Amino acid sequence: APLTDWSESFAEQWRRNVLEGPPRIPWLHMTDIRSRKWREKHGITRAQGERRVKAAFELISETPSLTPIGTDLNAGHLIDRFDKKMRFRCGARRGFKPDYLAFIAYAYSVLIFCDRVRPEAEKVNFLVERNNDITNHIQEFYEDLPKALAGVGLARLVPLMGELLPDDKNCVALQAADVLCWYSQRFREGNLNDKNIRRYAVIALRKGIRLDLTNKDLDKLWKAITDDGGSEEFSEQQRFEAHHGRNFDLPDES
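Reference entry: report on the structure contained in this document. Note that the structure is predicted; figures quoted are calculated from it, not measured. (Residues numbered from 1 in each chain as written. Predicted model: local features only at pLDDT ≥ 70, side-chain atom pairs only at ≥ 80, totals over all residues. Heavy atoms only, no water.)

## Notes on unusual backbone geometry
The cut-off we apply is this: Numbering of helices and strands runs from the N terminus; a helix is a DSSP stretch of H or I covering at least four residues, while a strand is a stretch of E covering at least two.
Between Gly 21 and Pro 22 the backbone carries a cis peptide bond, its omega angle lying at 15°. Tracing the sequence through the fold places Pro 22 in the loop between α1 (3-19) and α2 (30-33). Along the chain, Pro 22 connects to Pro 23 via a cis peptide bond; the corresponding omega equals -5°. Looking at the element boundaries, Pro 23 is found in the loop between α1 and α2.

Below, the structure is given as structure tokens:
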């Protein structure tokens with residue numbers, strides 16, 4: 001969504017309607033709010049926790065500029081296919097995490113979306129939750145993204161790249177993203193009951209982008225990041241054309 005929507009009305013209403021209570025909670029993250037231990041620590045009952053989640057979905061429903069964008073990929077393929085160790089700029093060799101390539105795939109999706117659908121966008125900022133070394137290494141991948149974009153024929157997207165902004169769980173935008181990810185993952189696993197499916201429909205029936213990346217796509221991304229890539233354009237762009245205008249994660253309504 002536009003930066004002003006996040007920083008002004010949405011963030012303020014989220015803090016007032018979702019977090020303040022009483023009792024006040026420091027953040028809304030789905031794993032925490034569903035944890036009895038976490039709720040007891042913050043003096044909130046299960047019913048009160050449910051009302052906070054309901055309030056979050058009501059606010060999302062009332063904010064039409066929010067567009068859900070997501071990618072789905074096979075983390076097992078990344079772990080099996082690529083080297084277990086990577087050398088980072090600090091000189092150390094660290095274990096490869098699927099988070100790295102997942103982030104790059106997501107960044108492709110967002111930049112393509114803004115290029116095609118949000119022509120008024122000047123820059124796209126990306127927020128990531130602080131997670132020690134993983135966050136630092138994602139920063140390295142982001143700095144190498146212009147090379148990867150050129151390698152797959154999408155150099156025109158480079159001027160759209162804004163800042164990569166690490167933040168903590170208090171960030172409202174990251175809390176909203178956590179709600180999306182939690183519901184999306186469990187819906188695809190078949191682990192949502194009818195009430196939560198109806199709740200998720202607030203997001204899932206919204207026009208957005210949900211791209212399933214094949215193992216071949218992941219191989220191309222890896223090559224684009226680690227080599228000079230090639231002239232073949234990443235197939236995600238073609239599937240964007242086919243998917244754009246459809247619902248994010250449920251069949252189109254008739």
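Resuming the write-up.
## Some thoughts on the nonpolar core
Proteins that are soluble and globular tend to have nonpolar side chains buried together. Note the cut-off: Throughout this description, the term nonpolar core refers to a set of buried Ala, Val, Leu, Ile, Met, Phe, Trp, Tyr and Cys residues connected via side-chain atoms within 4.5 Å. Relative accessibility decides the category of a residue: with a 1.4 Å probe and only protein chains considered, values under 20% of the type maximum give buried, values over 50% give exposed, and everything between is partly exposed. The contact criterion used throughout is that any non-hydrogen atoms of two residues lie within 4.5 Å.
Judged by nonpolar contacts, the single largest core of 31 residues is most densely connected at Phe 10, Trp 14, Leu 28, Ile 33 and Tyr 183. Residue assignment for this core shows that the elements contributing at least two residues are α1, α2, α4 (46-61), α9 (172-188) and α10 (194-204). When sequence neighbours within four positions are dropped, the list of residues in contact with Tyr 183 reads Met 30, Val 53, Phe 57, Leu 192, Asn 196, Arg 199 and Tyr 200. With 29 residues, the next largest nonpolar core counts Ile 69, Val 110, Leu 111 and Leu 211 among its residues.

## What to know about the packing of aromatic side chains
Put simply, the rule reads: Only centres within 6.5 Å qualify two rings of Phe, Tyr or Trp (six-membered ring in Trp) as a pair; their planes then separate them into stacked at under 30 degrees, edge-to-face at over 60, and tilted for everything else.
Under the criterion given, the structure shown has 11 aromatic pairs. Consider the rings of Trp 6 and Phe 10, whose centres lie 5.2 Å apart with planes at 80°: the pair is edge-to-face. You can see Trp 6 and its partner Phe 10 sitting in helix α1, four residues apart, about one turn around the helix. When its relative accessible area of 23% is taken as the criterion, Trp 6 is described as partly exposed. We classify Phe 10 as buried; its relative accessible area is 1%. Ring geometry for Phe 57 against Tyr 183: centres 4.9 Å apart, planes inclined by 80°, an arrangement best described as edge-to-face. Pair noted here: Phe 57 is in helix α4 and Tyr 183 is in helix α9, with a separation of 126 residues, a long-range link. By way of ring pairs, the aromatic residues Phe 57, Trp 182, Tyr 183, Phe 187 and Tyr 200 are connected into one cluster.

## What about α4?
Let me state the cut-off plainly: Helix span is expected to be 1.5 Å times the residue number reduced by one.
Across its 16 residues, α4 extends 23 Å between first and last C-alpha, which sits within 8% of the 22 Å expected from 1.5 Å per residue. Every buried residue of α4 is listed here: Gln 48, Gly 49, Arg 52, Val 53, Ala 55, Ala 56, Phe 57, Leu 59 and Ile 60.

## So, α1
The condition that has to hold: Take the seven residues that end at a residue and the seven that start at it, fit an axis to each, and the angle between those axes is the bend at that residue.
Taking 1.5 Å of rise per residue, the 17 residues of α1 would be expected to cover 24 Å, yet its terminal C-alpha atoms sit only 21 Å apart, more than 12% below that figure. Along its length, α1 reaches its greatest deviation from straightness, about 40°, at Phe 10. In this fold, the buried residues of α1 make contact with α4 and α9. At the C-terminal side of α1, Gly 21 shows a positive phi close to 80°.

## Describing the pattern of salt bridges
For the record, the criterion: What counts as a salt bridge is simple: a side-chain nitrogen of Lys or Arg found within 4 Å of a carboxyl oxygen of Asp or Glu.
Taken as a whole and assessed by the stated rule, the structure comprises 12 salt bridges. Across the salt bridge formed by Arg 15 and Glu 12, the nearest N and O atoms sit 3.9 Å from each other. Placement of the pair is Arg 15 and Glu 12 together in helix α1, with a separation of three residues, close to one helical turn. On the basis of relative accessibility, which here comes to 39%, the residue Glu 12 falls in the partly exposed class.

## Describing the environment of Tyr 183
To be explicit about the condition: Polar contact is defined as a pair of N or O atoms within 3.5 Å, subject to the rule that within protein one atom must be able to donate a hydrogen and the other to accept it, and that residues adjacent in sequence are counted only when both atoms are side-chain atoms.
The class of Tyr 183 is buried, set by a relative accessible area of 1%. Sequence separation of Tyr 183 and Arg 199 is 16 residues, and the distance between their C-alpha atoms is 9.1 Å. Side chain to side chain, Tyr 183 and Asn 196 meet in a polar contact 2.7 Å long.

## Observations concerning the side chain of Thr 63
Of note, Thr 63 is situated in the loop between α4 and β1 (69-72). By relative accessible area, Thr 63 is classed as buried at 10%. Beyond its immediate sequence surroundings of up to four residues, Thr 63 is in contact with Phe 10 and Arg 206.

## Side note on the packing of α1 against α9
This is how the line gets drawn: A fitted line through C-alpha atoms represents every axis, and for helices the fit uses only the stretch in contact; the resulting angles, taken between N-to-C directions, go from 0 to 180 degrees. Roughly parallel means an angle under 35 degrees; roughly antiparallel, over 145; roughly perpendicular, 65 to 115; everything else is oblique. A clockwise turn of the near helix away from the far one marks a right-handed crossing, whereas an anticlockwise turn of less than a right angle marks a left-handed crossing. Under the scheme applied here, ten amino acids are nonpolar (Ala, Val, Leu, Ile, Met, Phe, Trp, Tyr, Cys and Pro), four are charged (Asp, Glu, Lys and Arg), and all others, including Gly, are polar.
Remark: α1 packs on α9, axes separated minimally by 10 Å, with the N-to-C direction vectors making an angle of 70°. By the angle between their axes, α1 is roughly perpendicular relative to α9. Handedness of the α1/α9 crossing: left-handed. Contacts from Trp 6, Phe 10, Ala 11, Trp 14, Arg 15 and Leu 19 of α1 reach α9 at Val 172, Ala 173, Gln 175, Ala 176 and Val 179. Taken together, the residues of the contact of α1 with α9 break down into nine nonpolar, one polar and one charged.

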